[in-house]
Amino acid sequence: MNTNDTSAEKRPKLVVRPAEPADIPGIRALNQKVYASLGDHASYNEAQLRAHQHHFPDGQFVALYKGAVVGHCATFRIGDAALKPHDWETITGRGYASRHEPDGPWLYGMDINVDPDYRGLRIGQRLYAERRRLCEHLRLKGIVFGGRLPGLARRWKQAGSAEQYVALVREGKIRDLVLSFQIRNGFEPIGVLPGYLPFDHESRGFGAHMIWRNPRVPQDEVSGQRRLVRKARSARVAVIQYQLRQIASFDEFAAQVEYFVDAVADYKADFAVFPELFTLQLLSIESRRAKAADAIAALDAYVERFKTLMSRLSVAYNVNIIGGSIPTRDPDGSVFNTAYVFLRDGSVHQQQKIHPTPNERYWWGIRGGGEATVIDTDCGRIGVMVCYDSEFPELARHLVDQGAQILFVPFCTDERQSYQRVRYCCQARAVENQCYVVMAGNVGNLPNVDNMDIQYAQSCILTPCDFPFARDGIAADTTPNAEMVAVADLQLDSLAEARQHGTVQNLRDRRFDLYSVAWRDQRRAG
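Residues numbered from 1 in each chain as written. Predicted model: local features only at pLDDT ≥ 70, side-chain atom pairs only at ≥ 80, totals over all residues. Heavy atoms only, no water.

## Notes on the state of the cysteines
- Under the counting rule described, the total for this entry stands at zero disulfides.
- Residue Cys 412 stays outside any disulfide, its sulfur separated by 6.8 Å from that of Cys 387, the closest cysteine.
- Under the relative-accessibility criterion, Cys 412 is labelled buried at 17%.
- You can see Cys 465 has no disulfide; the closest cysteine sulfur is in Cys 435, sitting 12 Å from it.
- Given the relative accessible area of 45%, Cys 465 is considered partly exposed. (Disulfide = S-S within 2.5 Å. Buried < 20%, exposed > 50% of the residue type's maximum accessible area, 1.4 Å probe, protein only.)

Next up, the structure:
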């Protein structure tokens, strides 16, 4: 045998496949490398990339070489707005693909980029080919996007205008690194888009308005016929209006919590929602009133037992639990009002309260968190806003842009006016984001616990206000100040219907040319 035979030698493989959540770090690194000249704001953050895969998973692709991400392609579906003048931020929902229309007849090319160290492998051509195959498979009218013109600034004096520059490239008289490549791949310019990418100084902010028409579909045909028909999906939600009362031990607390989880599991609930700071009931184990610093230390000692308890109940009773909140001390000594989410697959997630109230800062020294991310569940994407957070519309919008369909609001209010602030804001969040909002609050009192002397709550499950939903925008509610449970079935497909074809279409009709929510990603790689 010839030991020098290398015919069976393993060689590096280039693979193009749909993007997966595990690819996100690699995509971010590639984006930052490719768009370094445009500044950090030109690359995607983790929340945006997660949103792409949620809104339209079939339209996201990566190219892998030796297992590393060397190419990335992001698309979504949209209507004829793609053919009208627009800018990148508006058409893409500020990079979240939040304007994706499940029945949209056009495939919009939000982004495509290739590692410059691997451009000899024709990765760009492969990604464009995947886009075309997807477009043909879905029987869409074609592909539209705004393309960069990186040679425009250098040749501005020669061309005199963006329109003339595109014409010269199209005629082959000058060459543009991006536009020439796109034309060779079958795309044709139908105009220019002023202000498409204002920060792209090489393109002087312009984009080439490019189109590829699907030759397999007559342009007057109703497209999307191969879209999979989804069955109506629903999530059964149970809100637990929890009565605070003095207890003697953690075991007594655990028994009380398990009683409610058991009860809602009998109703086959998908989600059980507990109130904010209902865990302060653990402080009543001591018969004396503790100082604020001592109280926080005492609660922090219960955090791991609490998480173990709730995770066990979630798995044992097959229900996803929004576990209210418990003050939690970070290793650096900072204290956050943290909502834990326990999924029935055994995973545990957390959301720190972003906006602590003046009382929380005064009594407990609570700090505000810095991240707001959606959580993937077996009933779709959800977000958590802890009480006061619901009174800031930017936070809900950021979560919905990432794909949240249900926003859970554990709350703790002491009297009716405080409650109404949260309630009215939650109803507004449901209307303006065309999503469901679920509120769960405490009743009763804890006489020996600071800031928990009295409680007022009327927990509820809120909907958008349109024909597919409850008449008053309330799917279910409770009797004020009584310990009880409210249950409702939330039709998730009704949200998509309302967002695309509702009487009003708040998400689609946003004016990105005038305003947007720009979230500062505190985990962004340096």
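Now that the structure has been shown, the text picks up again.
## Quick look at the packing of aromatic side chains
- Taken as a whole and assessed by the stated rule, the structure comprises 26 aromatic pairs.
- Seen from their ring centres, Phe 411 and Tyr 419 are 5.7 Å apart, and the 40° between their planes marks the pair as tilted.
- Here Phe 411 falls in the buried class, since its relative accessible area comes to 0%.
- On the numbers, 5.8 Å between centres and 80° between planes, the contact of Tyr 436 with Phe 469 is edge-to-face. On the criterion of sequence distance, the pair formed by Tyr 436 in strand 18 (residues 436–444) and Phe 469 in the loop between strand 19 (460–462) and strand 20 (474–477) is long-range, its members being 33 residues apart. Each member of the pair, Tyr 436 as well as Phe 469, is classed as buried.
- Taken together, the aromatic side chains of Tyr 242, Phe 250, Phe 253, Tyr 259, Phe 260, Phe 274, Phe 278, Tyr 302, Phe 306, Tyr 340 and Phe 342 make up a single cluster linked through ring pairs.
- A cation over an aromatic ring shows up here: Arg 131 above the ring of Phe 145, its NZ or CZ 5.9 Å from the ring centre. (Phe/Tyr/Trp six-rings, centres within 6.5 Å; stacked < 30°, edge-to-face > 60°. Helix = DSSP H or I, 4+ residues; strand = E, 2+ residues; numbered from the N terminus. Lys NZ or Arg CZ within 6 Å of the ring centre and 35° of its normal.)

## So, helix 2 (residues 46–55)
- Burial within helix 2 is extensive, with eight of its ten residues counted as buried.
- For helix 2, the complete set of buried residues consists of Ala 47, Gln 48, Leu 49, Arg 50, Ala 51, His 52, Gln 53 and His 55.
- The N-cap of helix 2, judged by a side-chain oxygen 3.1 Å from the amide nitrogen of Ala 47 a few residues on, is Asn 45. (Polar contact = N/O pair within 3.5 Å; in protein donor to acceptor, adjacent residues only side chain to side chain.)

## What to know about the side chain of His 100
- Secondary-structure assignment places His 100 in the loop between helix 3 (88–91) and strand 4 (106–114).
- Here His 100 falls in the buried class, since its relative accessible area comes to 11%.
- In this structure, His 100 is in contact with His 55, Phe 56, Phe 76, Arg 77 and Gln 500, ignoring residues within four places of it in sequence. (Contact = heavy atoms within 4.5 Å.)

## With respect to the environment of Leu 407
- Structurally, Leu 407 is set in strand 17 (residues 406–411).
- Sequence spacing of Leu 407 and Met 452 is 45 residues, and the spatial spacing of their C-alpha atoms is 25 Å.
- Setting aside its immediate chain neighbours within four residues, Leu 407 contacts Gly 383, Met 385, Ala 396, Leu 399, Val 400, Cys 435, Tyr 436, Val 437 and Val 438.

## Some words on the confidence of the model for the chain
- Of all residues in the chain, 92% attain a pLDDT of 70 or more, and the chain-wide mean is 90.
- The low-confidence segment residues 1–9 (pLDDT under 50) makes zero contacts with residues lying over four places distant or belonging to another chain. (pLDDT = per-residue confidence, 0-100.)

## Side note on helix 13 (residues 416–433)
- Between its first and last C-alpha atoms helix 13 spans 25 Å; for 18 residues at 1.5 Å apiece the expected length is 26 Å, and the two agree.
- Residues of helix 13 that are buried: Ser 418, Tyr 419, Gln 420, Val 422, Arg 423, Cys 425, Cys 426, Gln 427, Arg 429, Ala 430 and Asn 433.
- The inward-facing, buried residues of helix 13 contact helix 12 (393–401), strand 17, strand 18, strand 19, strand 20 and helix 14 (492–501).
- Gln 434 sits one or two residues past helix 13 and shows a positive phi near 45°. (Expected span 1.5 Å × (residues − 1).)

## Quick notes on the packing of helix 1 (residues 24–34) against helix 2
- Where helix 1 meets helix 2, the closest approach of the two axes is 10 Å, and the angle between their N-to-C directions is 120°. By the angle between their directions, the pair helix 1 and helix 2 is classed as oblique. The way helix 1 lies across helix 2 gives a crossing that is right-handed. Between helix 1 and helix 2, the contacting residues are Ile 24, Ile 27 and Arg 28 on the first element and Glu 46, Leu 49, Arg 50 and Gln 53 on the second.
- Per-class residue counts for the contact of helix 1 with helix 2 are three nonpolar, one polar and three charged. (Axes fitted to C-alpha atoms, helices over the stretch in contact; angles between N-to-C directions. Parallel < 35°, antiparallel > 145°, perpendicular 65-115°, else oblique. Left-handed = near helix turned anticlockwise from the far one by under 90°. Nonpolar A, V, L, I, M, F, W, Y, C, P; charged D, E, K, R; others polar.)

## Side note on the pattern of salt bridges
- One pass over the structure, following the stated rule, counts 25 salt bridges.
- The salt bridge partner of Lys 33 is Asp 115, with a shortest N-O separation of 2.9 Å. On the criterion of sequence distance, the pair formed by Lys 33 in helix 1 and Asp 115 in the loop between strand 4 and helix 4 (123–137) is long-range, its members being 82 residues apart.
- Under the relative-accessibility criterion, Lys 33 is labelled partly exposed at 38%.
- Taking the relative accessible area as the measure of exposure, Asp 115 reaches 8% and is therefore buried.
- Through salt bridges that share partners, Arg 17, Glu 20 and Asp 23 make up one connected network. (Salt bridge = Lys/Arg side-chain N within 4 Å of Asp/Glu carboxyl O.)

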